[in-house]
2 protein chains.
Amino acid sequence: MSKLLVAQSGGPTAAINATLAGVLDAATNNPQIDGILGGINGIEGVLKENFLDLTELSNNREKIRILWQTPAAALGSCRWKLKSEDEDAESYKVFVSIMKKYDIGYFVYIGGNDSMDTVDKLSAYCRKNGVENLCIIGAPKTIDNDLVGTDHCPGFGSAAKYIATTIAEIERDCHVYTTKAVTVVEIMGRNAGWLTAASALSRIHGAKGPDMIYLCERPFVLEECISKIRRLFEKQDAVLIAISEGVKDDSGHYISEVLQPADADAFGHVQIAGVATVLADQIKKELGCKTRAIAFNLMQRASASLASKRDLLESYQLGSMAAKAAIAGQSGKMTALRRLQTKDYAVEYELVDVSMVSNREKKVPLRMIAPSGDDVTQEMMDYLLPLIQGLPDISYADGLPLHLSLYE
Amino acid sequence: MSKLLVAQSGGPTAAINATLAGVLDAATNNPQIDGILGGINGIEGVLKENFLDLTELSNNREKIRILWQTPAAALGSCRWKLKSEDEDAESYKVFVSIMKKYDIGYFVYIGGNDSMDTVDKLSAYCRKNGVENLCIIGAPKTIDNDLVGTDHCPGFGSAAKYIATTIAEIERDCHVYTTKAVTVVEIMGRNAGWLTAASALSRIHGAKGPDMIYLCERPFVLEECISKIRRLFEKQDAVLIAISEGVKDDSGHYISEVLQPADADAFGHVQIAGVATVLADQIKKELGCKTRAIAFNLMQRASASLASKRDLLESYQLGSMAAKAAIAGQSGKMTALRRLQTKDYAVEYELVDVSMVSNREKKVPLRMIAPSGDDVTQEMMDYLLPLIQGLPDISYADGLPLHLSLYE
């Protein structure tokens, strides 16, 4: 009998608390578990013994139901990255001693790339140093969908659904006027364009969707963009562009930096504007038309109200499986999804070695980008569409969804 | 027997098509109506005889149901403002001749301030010039909630619900890290702060909500804002600010212009950045903390997926009543909502003279703003809360809401 510790890390998603719910459900009333602890603010909080006893919560069905529909990491998150043992042996020793002090035998870490790196390092350290009775398992999470080893990432489906829904809605808004206008929508993704690709789903009911979709996997050429707008303006008034925040030019520089004057700082512009703002400005300058820059910003990862039910269910299962795997004695693994080659969408849940996940990125393969460079292929549509299916049954009171707070 | 013409104008909302559905339902199978026409792109399209026959649509229950849940003006909109008869007598003559040519006896115009001005001018012209058998009625619409003569405006409740829900969601995201950070959210409203006030509703389930809420009715003082952030940072890491796009300083200049360097144009910044960007930059400069600027942009007026059911129902009724009033021979009126002084929320529908609505703005009264200048009062909360109640029953297919397109 020992305790299970769970913590969350990286950028929040609308589904990361469903994964937490899965961990809690699997650990509750398990004869091998005599308590569940939550680490506040990820591994950073764990190393400071910033723990919350979740045992009571895990038995409260009503609260767990609200946890499912609560966006953003309920246990908080951190941006802190565990260094290698060579660089910071102390943190590893502290970690092991804290685990012993609290009688923690199982640690489930929910997160993305960096978090899987932490799982990898800590589990390898325990193995190497003969630390017994401590199993460490990762549960994946990232709206960026860039984790290797899993067909797709928990949280991505909900963000993709937000993007598809919202693009479909604002597209209608953009088309009500007869003035020539370009709307540029910036979507998260520094290195992987999966989320931006999801803007194409807005077309599934026959809507036009974005006129151009620029993913960060392909170099962006401003001249091509401008001449395409010119051509489109011959037959339509409104042009809609979806673009990854991390789009770069052919020498690998971010467009937002390239198109922005180098000495902007002298004007007190302490932050570099996003690519939508910068591109909209450039289009206005070149074509003289009205432009509008929109950034989906935090909304795309926090919009639990528009979550994908399938994403939530899968996220829950991956958390549940992670806890069960740890309790069964597995360590250094991540739970993952394998899509089956069946006619109807189906997945299998599996464990993969976390060492093959950490510090790698799954980018959009070029075959999923249209030859024109400004759209996606049918293969991408087929990949994405199953992930946004279903609406969660959300509890509202007084007109607003209920959320659960675990700590102040 | 004559035809009814309906058109939409001004900025789109999530509820303006519910009003259109109300007009169509009231006119369908009415013995006085022998056809329903839609004017494409508001009065501008009407004057170009850009009509769509809506008679068949009005008998299609399934399509009308999808129309309800379709955001943005399904008949298109315009930014064109009808001049006075002195300045442009020709447009008035053209209007009347088109009405006669198409045998139009009733015209319902759905829109905001400018549209009510059009209703006022055209109905006054008809009265003065003895144009018979032409009744012109306005149905209100604006997310800004700034129309005089009605307790609140159709479209506002849905936008308010989007804002309250989204602030509640992103607030959770902002609080997951332990880094000092300020998030500034820019909300629509050049002259009236109603929508920004709705950010306070995010608190109704005990969440903290925005730390500061700045409406455009009160001069914004940067120093006060900065020192409040300093004080808050002593006890918390994340600070959330909601601010009206139209916030001004005490000499009446937009903050976005005041805080932005005058010679920015030399840098190719053809558009003045929004107040959130400008304020976030300034805060970063003064306090050196991480900042993030978010603009709710088109999402706040297009987010039909998060609409208020009450808003949709009221919007429908106001459209229905407008058509019925026109058919009953009324002209130069706008349909409006009067809130009853009952314990539970209740409204009465009434007709008001459109001349008392046009070219006026209903701002937030100062008594609804907290003495500190950075929050709202309980009276504002009581005013707002009933307006965001209820979820529409939205039809989805393949994971996305269905929308109706009336023309290419």
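Rules and cut-offs
- Counting restarts for each chain, with residues numbered from 1 along the sequence as it is written.
- A letter from A marks each chain and a number from 1 marks each ligand, given out in the order of writing.
- Totals for whole chains, interfaces and linings use every residue, but because this is a predicted model, local features are given only for residues with pLDDT of at least 70 and side-chain atom pairs only at 80 or more, for both listing and counting.
- Secondary structure elements follow DSSP: runs of H or I of four or more residues count as helices, runs of E of two or more count as strands, with numbering from the N terminus.
- With the radius of gyration taken over C-alpha atoms, the globule rule is written as 2.2 Å times the number of residues to the power 0.38.
- Each residue is classed by its C-beta neighbour count within 10 Å, where at least 20 other C-beta atoms makes it buried, 12 or fewer makes it exposed, and intermediate counts make it partly exposed; the C-beta atoms are placed from backbone geometry.
- We call two residues in contact when the distance between their C-beta atoms, placed using the backbone, is within 7 Å.
- Least-squares fitting of one copy onto the other uses the C-alpha atoms of those residues that reach a pLDDT of at least 70 in both copies.
- Just so you know the grouping, Ala, Val, Leu, Ile, Met, Phe, Trp, Tyr, Cys and Pro go in nonpolar, Asp, Glu, Lys and Arg go in charged, and all remaining residues, Gly too, go in polar.
- The start and end points of each domain follow an automatic or database-based domain assignment.
- Only the stretch in contact is used when fitting a helix axis, every axis being a line fitted to C-alpha atoms; angles between N-to-C directions are given from 0 to 180 degrees.
- Between 65 and 115 degrees an angle is taken as roughly perpendicular, under 35 as roughly parallel, over 145 as roughly antiparallel, and anywhere else as oblique.
- DSSP calls a pair of strands paired once it identifies at least 2 bridges connecting them.
- Joining buried Ala, Val, Leu, Ile, Met, Phe, Trp, Tyr and Cys residues through C-beta atoms within 7 Å gives a set, and that set is a nonpolar core.
- Working rule for helices: expected span equals 1.5 Å times residues minus one.
- If you view a crossover with the strands going away from you and the path from the first strand over the helix to the second runs clockwise, you call it right-handed.

Considerations on the overall build of chain A
Here comes step 1: If you tally the helices and strands in chain A, you get 13 helices and 13 strands.
Here comes step 2: Relative to the compact-globule value of 22 Å for 408 residues, chain A shows a C-alpha radius of gyration of 23 Å, a close match.
Here comes step 3: Buried positions account for 58% of the 408 residues belonging to chain A.
Here comes step 4: Long-range contacts, defined as pairs at least 24 residues apart, comprise 77% of the intrachain contacts of chain A with a sequence gap of at least 6.

Comments concerning the relation of the copies chain A and chain B
Here comes step 1: Taken as rigid bodies, chain A and chain B are interconverted by a rotation of 180° and an axial shift of 0.0 Å, the fit giving an RMSD of 0.0 Å. In short, the pair behaves as if placed about a two-fold rotation axis. Closest approach to the rotation axis within chain A is made by the C-alpha atom of Ala295(A), at a distance of 3.7 Å.
Here comes step 2: An overlap of 100% is found between the interface residues of chain A and their copies at the interface of chain B, pointing to a shared contact surface.

Overview of the interface of chain A and chain B
In many analyses, interface size is given as the accessible surface area lost on bringing the parts together.
Here comes step 1: Opposite the 60 residues of chain A that make contact, chain B presents 60 residues.
Here comes step 2: The set of elements that each furnish at least two residues to the side of chain A that touches chain B consists of helix H6 (156-174), helix H10 (275-287), helix H11 (299-302), strand E12 (396-397) and strand E13 (400-401) of chain A.
Here comes step 3: Among the residues making up the side of chain A that touches chain B, the classes are represented as 31 nonpolar, 19 polar and ten charged.

A look at the domain arrangement of chain A
Residue and element names in this part refer to chain A.
Here comes step 1: With domains assigned, chain A is organised as domain 1 (2-155 + 304-359 + 389-401) and domain 2 (156-302).
Here comes step 2: Its C-alpha centre places domain 1 at a distance of 33 Å from the equivalent point of domain 2.
Here comes step 3: Between domain 1 and domain 2, the residue contacts involve 21 residues of the former and 16 residues of the latter.
Here comes step 4: Classifying every residue of the side of domain 1 that touches domain 2 by side-chain character gives ten nonpolar, seven polar and four charged.

Comments concerning the packing of helix H1 (residues 16-27) of chain A against helix H3 (residues 61-68) of chain A
Residue and element names in this part refer to chain A.
Here comes step 1: Relative to each other, H1 and H3 sit at 150°, their axes nearing to 7 Å. Here H1 lies roughly antiparallel to H3, going by the angle between them. The segment H1 lies against H3, with Asn17, Ala18, Leu20, Ala21 and Leu24 engaging Ile64, Leu67 and Trp68.
Here comes step 2: Across the contact of H1 with H3, the residue classes break down as seven nonpolar, one polar and no charged.

Concerning the pairing of strand E8 (residues 238-244) of chain A
All names here are of chain A.
Here comes step 1: Counting buried positions along E8 yields seven of seven residues, so the element is predominantly enclosed.
Here comes step 2: Alternating residues of E8 divide into Ala238, Leu240, Ala242 and Ser244 and Val239, Ile241 and Ile243, and every residue in both groups is buried.
Here comes step 3: Examined bridge by bridge, strand E6 (residues 181-187) and E8 share seven bridges and lie parallel to one another. Considered in E8, the bridge of Val185 is made with Ala242.

Side note on the sheet that holds strand E10 (residues 333-339) of chain A
Strand pairing in a sheet relies on backbone hydrogen bonds, with the paired strands running either antiparallel or parallel.
All names here are of chain A.
Here comes step 1: Taking strand neighbours across the sheet as the criterion, the seven strands line up as E3-E2-E1-E4-E5-E10-E11 in an open arrangement whose pairing is mixed. Across the chains shown, the open sheet's two edge strands, defined by having one partner strand only, are strand E3 (51-53) and strand E11 (347-353). Strand-to-strand twist across the sheet, computed as the mean angle between neighbouring axes with direction ignored, equals 30°.
Here comes step 2: Bridging between strand E4 (residues 104-111) and strand E5 (residues 135-140) involves six bridges; their strand directions are parallel. Residue pairing for E5: Tyr106 is matched across the bridge by Cys135.
Here comes step 3: Most of the contacts of helix H12 (residues 309-327) go to E5, to which it runs at about 170°, and overall it touches strand E1 (2-8), strand E2 (33-39), E4, E5, E10 and E11.

Details of unusual backbone geometry
Here comes step 1: Backbone geometry at Asp103(A) places phi at a positive 55°, although glycine is not the residue there.
Here comes step 2: Residue position: Asp103(A) is located in the loop between helix H4 (89-101) and E4.
Here comes step 3: Of note in the backbone geometry, Glu49(B) takes a positive phi value of approximately 55° without being a glycine.
Here comes step 4: Tracing the sequence through the fold places Glu49(B) in the loop between helix H2 (42-46) and strand E3 (51-53).
Here comes step 5: The class of Glu49(B) is partly exposed, set by 13 C-beta atoms lying within 10 Å.

A few points about the nonpolar core
Here comes step 1: Counting 269 residues, the largest nonpolar core has Val108(A), Ala160(A), Val108(B) and Ala160(B) as the members making the most contacts within it.
Here comes step 2: Beyond its immediate sequence surroundings of up to four residues, Ala160(B) is in contact with Leu195(B), Ala198(B), Leu201(B), Leu384(B), Leu387(B) and Ile388(B).

Re helix H10 (residues 275-287) of chain B
Residue and element names in this part refer to chain B.
Here comes step 1: The end-to-end C-alpha distance of H10 is 18 Å, a good match for the 18 Å that 13 residues give at a rise of 1.5 Å each.
Here comes step 2: Val275, Ala276, Thr277, Val278, Leu279, Ala280, Asp281, Gln282 and Ile283 are the residues of H10 that are buried.
Here comes step 3: Buried positions along H10 lie against strand E6 (181-187), helix H8 (222-233), strand E8 (238-244), helix H9 (255-258) and strand E9 (290-295).
Here comes step 4: Looking one or two residues past H10, Gly288 carries a phi angle of roughly 70°, positive in sign.

Looking at the environment of Asn297(B)
Here comes step 1: Looking at where Asn297(B) falls in the secondary structure, it is placed in the loop between E9 and helix H11 (299-302).
Here comes step 2: Linking Asn297(B) and Glu186(B), residues 111 residues apart in sequence, is a C-alpha distance of 8.0 Å.

Comments concerning the sheet that holds strand E11 (residues 347-353) of chain B
Residue and element names in this part refer to chain B.
Here comes step 1: A sheet is described by the order of its strands in space; here seven strands give the open sequence E3-E2-E1-E4-E5-E10-E11, paired in mixed fashion. Two strands in the sheet have a free side with no partner beyond their single neighbour: E3 and E11. Put simply, the sheet's adjacent strands are angled 30° from each other on average, direction ignored.
Here comes step 2: In the packing of helix H12 (residues 309-327) onto the sheet, contacts are made with strand E1 (2-8), strand E2 (33-39), strand E4 (104-111), strand E5 (135-140), strand E10 (333-339) and E11, and the angle to E5 comes to roughly 170°.

As for the environment of Lys128(B)
Residue and element names in this part refer to chain B.
Here comes step 1: Locating Lys128 in the fold gives a position in helix H5 (residues 113-128).
Here comes step 2: Judged by the 10 C-beta atoms lying within 10 Å of it, Lys128 is exposed.
Here comes step 3: For the pair Lys128 and Gly373, spaced 245 residues apart in sequence, the C-alpha separation works out to 47 Å.

A short note on the pairing of E2(A)
Residue and element names in this part refer to chain A.
Here comes step 1: Within E2, five of the seven residues are buried, leaving the element largely enclosed by the surrounding structure.
Here comes step 2: Of the pairings in the sheet, the one linking E1 to E2 comprises five bridges and is parallel in character. Residue pairing for E2: Ala7 is matched across the bridge by Gly39.
Here comes step 3: The parallel pair E1 and E2 is bridged by H1, and the resulting crossover is right-handed.
Here comes step 4: Relative to E3, E2 runs antiparallel, the two sharing three bridges. The residue bridging Gly38 from the neighbouring strand is Leu52, located in E3.

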